[in-house]
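Each chain is listed here by its residues.
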Amino acid sequence: MKSLSELLKEPGLILAPGAYDALSAKIAAQAGASAVYMTGFGLAGSHLGLPDIGLMSASEMTDRVRAMSAAAAPVPLIADGDNGHGGPLNAARLTVMYEQAGAQCIQIEDQVFPKRCGHMEGKEVVSTADAAQKIKAATDARSSKDFKIMARTDARATHDLDEALRRGEAFLKAGADILFIEAPRDMKELEKVTSTFKGVPLLANMVEDGKTPYLTTKVLEDLGFKIAIFPVTALLAVTKRLQDVYATLLKGEGVPADDTRVTFQRYNEIVGLPELLASAAKIAGEGE
């Protein structure tokens, strides 16, 4: 399995499906993903049962990184770091924590605290200088350049696309490896992003019902994007499934045997029970 650093050097688009916990990260990797994206939106929902409005702490996020990177391994994990959870020193510390926890990339945005999901209304951003200082602090804090720093700007929503592009330039000067211009509104704006930053690894964020046109990976690659994330696709699907299953179960009749689900045995295979039991038996045998 190739690292994110290796994937970035190769031709082609990196499709990174969103995962919101260790189980979804493991299943995404087993399905053949070349990279997995840890969604902060999904973490807030799955871990706290709350919206993505800056309620997850840095330590809670790092714990999720550790579990998800291990579950997805050896597939690389790209991890949402929100706004760095504070100033430049906080962003630097979070970078160290994420790298040590096993992620291969941290995403840091320029929103104020508390932040909001990029496709929500009412966002605010810090100054370009303050945001760039966080990116610089993050790049200085990492122990290896193979650990990538992704800089995201939400200035398209708060200002306009030109301001977002200016911030992208500033973040590149600060040392960012990957740029994430959040929520372009149409094809013209997407083309403006890729034409402005030719040769720079660019991320496209595909959110169902979001502000950016929902495009195929081929179209995104043809436009010039290097990474495409689908951060909430699985989360939204699973949420609907949970609603349906619980509603049916609470009618008192159980869920039909032919209902779409994995078997109990298959679930244990997915989470690695046979391998763990074999390992335990081997250890016990060696100790006799």
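Before any of the text, the structure's been laid out above.
Keep in mind that this is a model prediction, so the values were computed, not measured.

How each quantity is defined
Residues numbered from 1 in each chain as written. Predicted model: local features only at pLDDT ≥ 70, side-chain atom pairs only at ≥ 80, totals over all residues. Heavy atoms only, no water. Buried < 20%, exposed > 50% of the residue type's maximum accessible area, 1.4 Å probe, protein only. Helix = DSSP H or I, 4+ residues; strand = E, 2+ residues; numbered from the N terminus. Arc of directions from axis to C-beta. Contact = heavy atoms within 4.5 Å. Polar contact = N/O pair within 3.5 Å; in protein donor to acceptor, adjacent residues only side chain to side chain. Salt bridge = Lys/Arg side-chain N within 4 Å of Asp/Glu carboxyl O. Axes fitted to C-alpha atoms, helices over the stretch in contact; angles between N-to-C directions. Left-handed = near helix turned anticlockwise from the far one by under 90°. Nonpolar A, V, L, I, M, F, W, Y, C, P; charged D, E, K, R; others polar. Patch = residues over 30% accessible without salt bridge, like charges linked within 9 Å, V, L, I, M, F, W, Y side chains within 5 Å. Areas by Shrake-Rupley, 256 points an atom, 1.4 Å probe, with all protein chains shown as cover. Phe/Tyr/Trp six-rings, centres within 6.5 Å; stacked < 30°, edge-to-face > 60°. Lys NZ or Arg CZ within 6 Å of the ring centre and 35° of its normal. Pairing = 2+ DSSP bridges. Right-handed = clockwise from strand over helix to strand, strands pointing away.

(A) Structural detail: helix H2 (residues 22-30). Those residues of H2 that sit buried are Ser24, Ala25, Ala28 and Ala29. Along the axis of H2, the buried residues cluster in a sector spanning 135°; they form a single face. Its buried side turned inward, H2 meets strand S1 (14-19), strand S2 (36-38) and helix H4 (58-72). Capping the start of H2 is the job of one residue whose side-chain oxygen sits 3.3 Å from the backbone nitrogen of Leu23: Asp21.

(B) Quick look at the pattern of salt bridges. In this structure the tally under the stated criterion is 16 salt bridges. In this structure, Lys123 engages Asp154 in a salt bridge whose closest nitrogen and oxygen atoms are separated by 3.0 Å. With Lys123 in the loop between strand S4 (105-109) and helix H6 (128-141) and Asp154 in the loop between strand S5 (148-153) and helix H7 (155-158), the pair connects residues that are 31 residues apart, well separated along the chain. As far as burial versus exposure is concerned, Lys123 and Asp154 are alike and both buried. Linking Arg241 and Asp259 is a salt bridge whose minimum nitrogen-to-oxygen distance equals 2.4 Å.

(C) Expanded view of the packing of H6 against helix H8 (residues 161-173). With their axes 9 Å apart at the nearest point, H6 and H8 run at an angle of 35° to one another. For the pair H6 and H8, the sense of crossing is right-handed. Within the contact between the two elements, H6 uses Thr128, Ala131, Ala132 and Ile135 and H8 uses Glu163, Arg167, Ala170 and Phe171. For the contact of H6 with H8, the class distribution of residues is 5 nonpolar, 1 polar and 2 charged.

(D) Structural detail: a nonpolar patch on the surface. Together, Val238, Leu242, Tyr246, Leu249, Leu250 and Val255 line one region of the surface with nonpolar side chains, adding up to about 560 Å² of accessible area. Following the sequence through the fold, Tyr246 ends up in helix H11 (residues 233-253). On the basis of relative accessible area, Tyr246 is assigned to the partly exposed category, the value being 49%.

(E) Spotlight on the packing of aromatic side chains. All chains considered together, the criterion is met by 1 aromatic pair. On the basis of an interplanar angle of 85° and a centroid distance of 5.8 Å, the ring pair of Tyr214 and Phe230 is categorised as edge-to-face. Of the two residues, Tyr214 is situated in the loop between strand S7 (203-205) and helix H10 (217-223) and Phe230 in strand S8 (residues 227-230); the sequence distance between them amounts to 16 residues. A cation over an aromatic ring shows up here: Arg152 above the ring of Phe180, its NZ or CZ 5.3 Å from the ring centre.

(F) Main features of the pairing of strand S3 (residues 77-80). Residues Leu77 and Ala79 point to one face of S3 and Ile78 and Asp80 to the other, with burial holding for every one of them. Here S2 pairs with S3 via 3 bridges, running parallel. The partner of Met38 across the bridge, within S3, is Ala79. One crossover worth recording links S3 to the parallel S4 by way of helix H5 (residues 88-101), and it is right-handed.

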